[in-house]
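Observations on the model geometry
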Amino acid sequence: MYKEIYLVDDEDLVNTVNAIHFRRMGMEDRVKSFTNPELALDDLRFRDNPQTKTLILLDINMPEMSGFEFLEFMMLEDFPVTNEVLLVTSSESDADKEEAKKYEKYVKEFITKPLRIEHLEDYLQSANK
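Residues numbered from 1 in each chain as written. Predicted model: local features only at pLDDT ≥ 70, side-chain atom pairs only at ≥ 80, totals over all residues. Heavy atoms only, no water.

The name an unreviewed UniProt entry assigns to the protein is Response regulator, from the organism Flagellimonas halotolerans.

See below:
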């Protein structure tokens, strides 16, 4: 089970809705929400235990840094594979889906917004097997 959950989307409303999903599943105490991906990346870099099993819900299209740039930093800095990413995006672009495959070390799913609680529950259940 994930010890930490990072919500990284430049729209606060999206993070709020996703946080509500986790609250309904009794996991709100694990959630950290960021509208600035650079701050989320810094927070991940400087945790007490970088090996902590972490779920990151990551948007692709953000003004400060794209989700792909975020993933590139994760690769360059060799983040532990205990950081698992769900790309949650409004993009339905085949090019974006192909780009996501470059980061399969971290990216577990490519999900088109809005994220439904049922999808999240199914993912969490399969991730715990």
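**Quick word on the packing of aromatic side chains**
Selection rule: Classification of ring pairs uses Phe, Tyr and Trp, with its six-membered ring standing for Trp, and accepts pairs whose centres are within 6.5 Å; under 30 degrees between planes counts as stacked, over 60 as edge-to-face, and the remaining range as tilted. Only DSSP runs of H or I with at least four residues qualify as helices, and only runs of E with at least two residues qualify as strands; both kinds are numbered from the N terminus onward. Type-normalised accessible area, obtained with a 1.4 Å probe on protein chains alone, sets the label of each residue: buried when under 20%, exposed when over 50%, and partly exposed for intermediate values.
Following the criterion strictly, the structure yields two aromatic pairs and no others. Between Y6 and F34 the ring centres are 5.5 Å apart and the planes differ by 10 degrees, which places this aromatic pair in the stacked class. Placement of Y6 in strand 1 (residues 4–8) and of F34 in strand 2 (residues 31–34) is noted, with a sequence separation of 28 residues between them. On the basis of relative accessible area, F34 is assigned to the buried category, the value being 13%. Ring geometry for F68 and Y103: centres 6.2 Å apart, planes at 20 degrees, overall stacked. Remark: Y103 occurs in the loop between helix 4 (94–101) and strand 5 (107–112) and F68 occurs in helix 3 (residues 67–76); sequence separation between them is 35 residues.

**Focus: the packing of helix 2 (residues 37–45) against helix 3**
The following threshold applies: A fitted line through C-alpha atoms represents every axis, and for helices the fit uses only the stretch in contact; the resulting angles, taken between N-to-C directions, go from 0 to 180 degrees. Angles below 35 degrees are treated as roughly parallel, those above 145 as roughly antiparallel, those between 65 and 115 as roughly perpendicular, and all remaining angles as oblique. In this scheme the crossing of two helices becomes right-handed for a clockwise turn of the near helix relative to the far one and left-handed for an anticlockwise turn of less than a right angle. Contacts are assigned to residue pairs that have any heavy atoms within 4.5 Å of one another. Gly falls in the polar group here, along with every residue not listed as nonpolar (Ala, Val, Leu, Ile, Met, Phe, Trp, Tyr, Cys, Pro) or charged (Asp, Glu, Lys, Arg).
Two elements in contact, helix 2 and helix 3, have axes whose closest approach is 10 Å; the angle formed by their N-to-C orientations is 20 degrees. In terms of axis orientation, helix 2 runs roughly parallel to helix 3. With respect to the hand of their crossing, helix 2 and helix 3 are arranged in right-handed fashion. Across the interface between the two elements, P37, A40, L41, L44 and R45 from helix 2 touch F70, F73 and M74 from helix 3. Of the residues assigned to the contact of helix 2 with helix 3, the class counts are seven nonpolar, no polar and one charged.

**With respect to unusual backbone geometry**
The omega torsion of the bond from K113 to P114 falls at 0 degrees, within 30 degrees of zero and hence cis. Among the secondary structure elements, P114 is positioned in the loop between strand 5 and helix 5 (117–127). Even without being a glycine, D78 presents a positive backbone phi close to 50 degrees. Its location among the elements puts D78 in the loop between helix 3 and strand 4 (83–89). Classification of D78 by relative accessible area gives exposed; the value is 52%.

**Some thoughts on the pairing of strand 4**
The following threshold applies: Two strands qualify as a pair provided that DSSP identifies no fewer than 2 bridges between them. Crossovers are described as right-handed under a simple rule: with the strands pointing away from the observer, the path leading from the first strand over the helix to the second runs clockwise.
Within strand 4, seven of the seven residues are buried, which leaves the element mostly enclosed by the surrounding structure. Side chains N83, V85, L87 and T89 of strand 4 all project onto a buried face; the interleaved residues E84, L86 and V88 project onto the opposite face, where all are buried too. Note: strand 3 (residues 54–58) against strand 4, five bridges, orientation parallel. For L58, the partnering residue across the bridge sits in strand 4 and is L87. Remark: the strand 3/helix 3/strand 4 crossover connection has right-handed handedness. When strand 4 meets strand 5, the two strands line up parallel, connected through five bridges. Along strand 5, the bridge assignment pairs T89 with T112. Read from strand 4 through helix 4 to strand 5, the crossover connection turns out right-handed.

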